[in-house]
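Structural features, examined
One letter stands for each residue in the lines below.
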Amino acid sequence: MEHLYTIWCCELSNTGHIVGTIYITTAQAQHIEDAKLDARKECAYEWFGTSDDADRIHVLGVATGQVQLVEWEEPCMVAWDQPAEVQSPY
């Protein structure tokens, strides 16, 4: 039986830091790992034009079912890929 998952993804730099923004999508799959892979491929395709770059995408979180976000305010994440002394305090 397939389940519906809501998945939050982000891009990771080659140093393992979060880059850019958050991508939120849904996926239907029998297993959570399949849903996560589908989400990573979708995100990579949207951001880079190819799903071959899915290894650059990190899954931040997974929820079961359709999640209805009421509000989302994302701070500027430009400095998150900088050395630790100038990273976001969050």
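Let me begin by describing the structure that accompanies this report. (Residues numbered from 1 in each chain as written. Predicted model: local features only at pLDDT ≥ 70, side-chain atom pairs only at ≥ 80, totals over all residues. Heavy atoms only, no water.)

1. Here we look at the overall build of the chain
Operational definition: Going along the chain from the N terminus, every DSSP run of H or I of four or more residues is numbered as a helix, and every run of E of two or more is numbered as a strand. Buried residues are those whose accessible area, probed at 1.4 Å on protein chains only, stays under 20% of the maximum for their type, while exposed residues exceed 50% and partly exposed ones sit between those limits. Between two residues, a contact is recorded if the distance between any of their heavy atoms is within 4.5 Å. Every accessible area reported is derived by Shrake-Rupley at a probe size of 1.4 Å, with residue values counting cover from the shown protein chains alone.
When helices and strands are tallied, the chain shows 1 helix and 3 strands. Ordered by position in the sequence, the α and β elements of the chain form the string β-β-α-β. Looking at the chain as a whole, 26% of its 90 residues qualify as buried. Long-range pairs, those at least 24 residues apart, make up 61% of the contacts in the chain with a sequence separation of at least 6. Carbon and sulfur atoms provide 50% of the accessible area of the chain, an area that totals close to 6,100 Å².

2. Focus on the side chain of Thr 6
For clarity, the threshold we go by: Pairing of N or O atoms within 3.5 Å defines a polar contact, subject to two protein rules: one partner must be a possible hydrogen donor and the other a possible acceptor, and residues neighboring in sequence count only if both atoms are side-chain atoms.
Structurally, the position occupied by Thr 6 is in strand β1 (residues 3-12). Reaching out from Thr 6, the side chain makes a polar contact with the backbone nitrogen of Val 67 at a distance of 3.4 Å. The residues contacting Thr 6, other than those within four sequence positions of it, are Ile 24, Thr 25, Thr 26, Gly 61, Val 62, Ala 63, Gly 65, Gln 66 and Val 67.

3. Concerning the nonpolar core
Rule in force here: Grouping buried Ala, Val, Leu, Ile, Met, Phe, Trp, Tyr and Cys residues that are joined through side-chain atoms within 4.5 Å yields what is termed a nonpolar core.
In this structure, Ile 7, Cys 9, Ala 35, Cys 43 and Ile 57 are the most contacted members of the largest nonpolar core, which totals 13 residues. Broken down by secondary-structure element, the contributors of at least two residues to this core are β1, β2 (18-29), α1 (32-48) and β3 (57-64). When residues in this core are grouped by element, the largest group, 4 residues, is from α1.

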